[in-house]
Amino acid sequence: TEAWPAGLGNHRARLGLAGADSSAPVALARVIWRLPGLPMGERQLLLFRFTAGGAHGPDREERVWNLLVLSADTDEALLLFEPFHTPASGGDGWPSGGGAEYVLYYLPYDRSACQTGPADSCRTPYLARTETASHMWRRRAVRRLWMAAESLGGLDGGSNRTRPGPGRPA
C-alpha cells in the first residue's frame, strides 16, 4: 500500500477512464462502497488525477475541481467530473494515450477537529460537503448528461415526458 497525505483521510478508491473516455468533456463514475451508518451525502469527496512516478520521479496527484456529486449514500456515489485530457506526446510526464487514472478520497477529515475534551463532545472530523465545480461547468455537464440519457431512451426508461407525443399534451 502507498502512503498519502493524512488530511485526505484513510479511505480512497482508484478510478480508471478508458482511452476513448479520457478525451470526453464530462465523465460519469459510479463508485460502490459499503459505509453503513455514515451520512455520505453530507461528506466532502475529493478527486485527483493520479500518475505513478516510476522511473520519472514521485507519484503525482492533481486536484479535479469540476466535480459534481449527483448522489452519495451508504452504498454508492454517482459522480460527474471534468477529466484531464491526456496529451498525445506524453512529454510532460503524464501518460500518452490509454486513458487516465483518478483517486477519490471519500472520507477526508480535519486533523484538528478534536484536540481536547471527551470524544462525544467533538464535532465530526470529516469534512462537510462544499461545492467545487464552477457554475458554468456544472450547467454544461448536467445538460450533456441529460442529452446522453435522452439518446438512450430517456431518464425514465423510455417514456420521455419532456416532449409532446401520442397521448401526451403539447
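Note: the structure precedes this text.
It should be emphasised that the depicted structure is a prediction, and the values quoted were computed from it without experimental measurement.

### Concerning helix H1 (residues 135-151)
- Taking 1.5 Å of rise per residue, the 17 residues of H1 would be expected to cover 24 Å, and the 25 Å separating its terminal C-alpha atoms lies within 8% of that figure.
- Listed as buried for H1 are Trp 137, Ala 141 and Ala 149. For H1, the angular spread of the buried residues around the axis is 100°, confining them to a single face. Exposed positions of H1 whose direction lies more than 90 degrees from the buried face are His 135, Met 147 and Ser 151.
- Looking at the buried residues of H1, the elements they touch are strand S5 (67-72) and strand S6 (76-81).

### Looking at the pattern of salt bridges
- Scanning all chains against the criterion turns up four salt bridges.
- In this structure, Arg 12 engages Glu 61 in a salt bridge whose closest nitrogen and oxygen atoms are separated by 3.3 Å. Of this pair, Arg 12 sits in strand S1 (residues 12-17) while Glu 61 sits in strand S4 (residues 60-63), and the two are 49 residues apart along the sequence.
- For Arg 12, a relative accessible area of 17% puts it in the buried group.
- Given the relative accessible area of 31%, Glu 61 is considered partly exposed.
- In this structure, Glu 101 engages Arg 14 in a salt bridge whose closest nitrogen and oxygen atoms are separated by 2.5 Å. Here the residue Glu 101 occupies a position in strand S7 (residues 100-105), and Arg 14 occupies one in strand S1, the gap between them amounting to 87 residues.
- Its relative accessible area of 41% is what places Arg 14 among the partly exposed residues.

Cut-off values and rules
Residues numbered from 1 in each chain as written. Predicted model: local features only at pLDDT ≥ 70, side-chain atom pairs only at ≥ 80, totals over all residues. Heavy atoms only, no water. Helix = DSSP H or I, 4+ residues; strand = E, 2+ residues; numbered from the N terminus. Expected span 1.5 Å × (residues − 1). Buried < 20%, exposed > 50% of the residue type's maximum accessible area, 1.4 Å probe, protein only. Arc of directions from axis to C-beta. Contact = heavy atoms within 4.5 Å. Salt bridge = Lys/Arg side-chain N within 4 Å of Asp/Glu carboxyl O.

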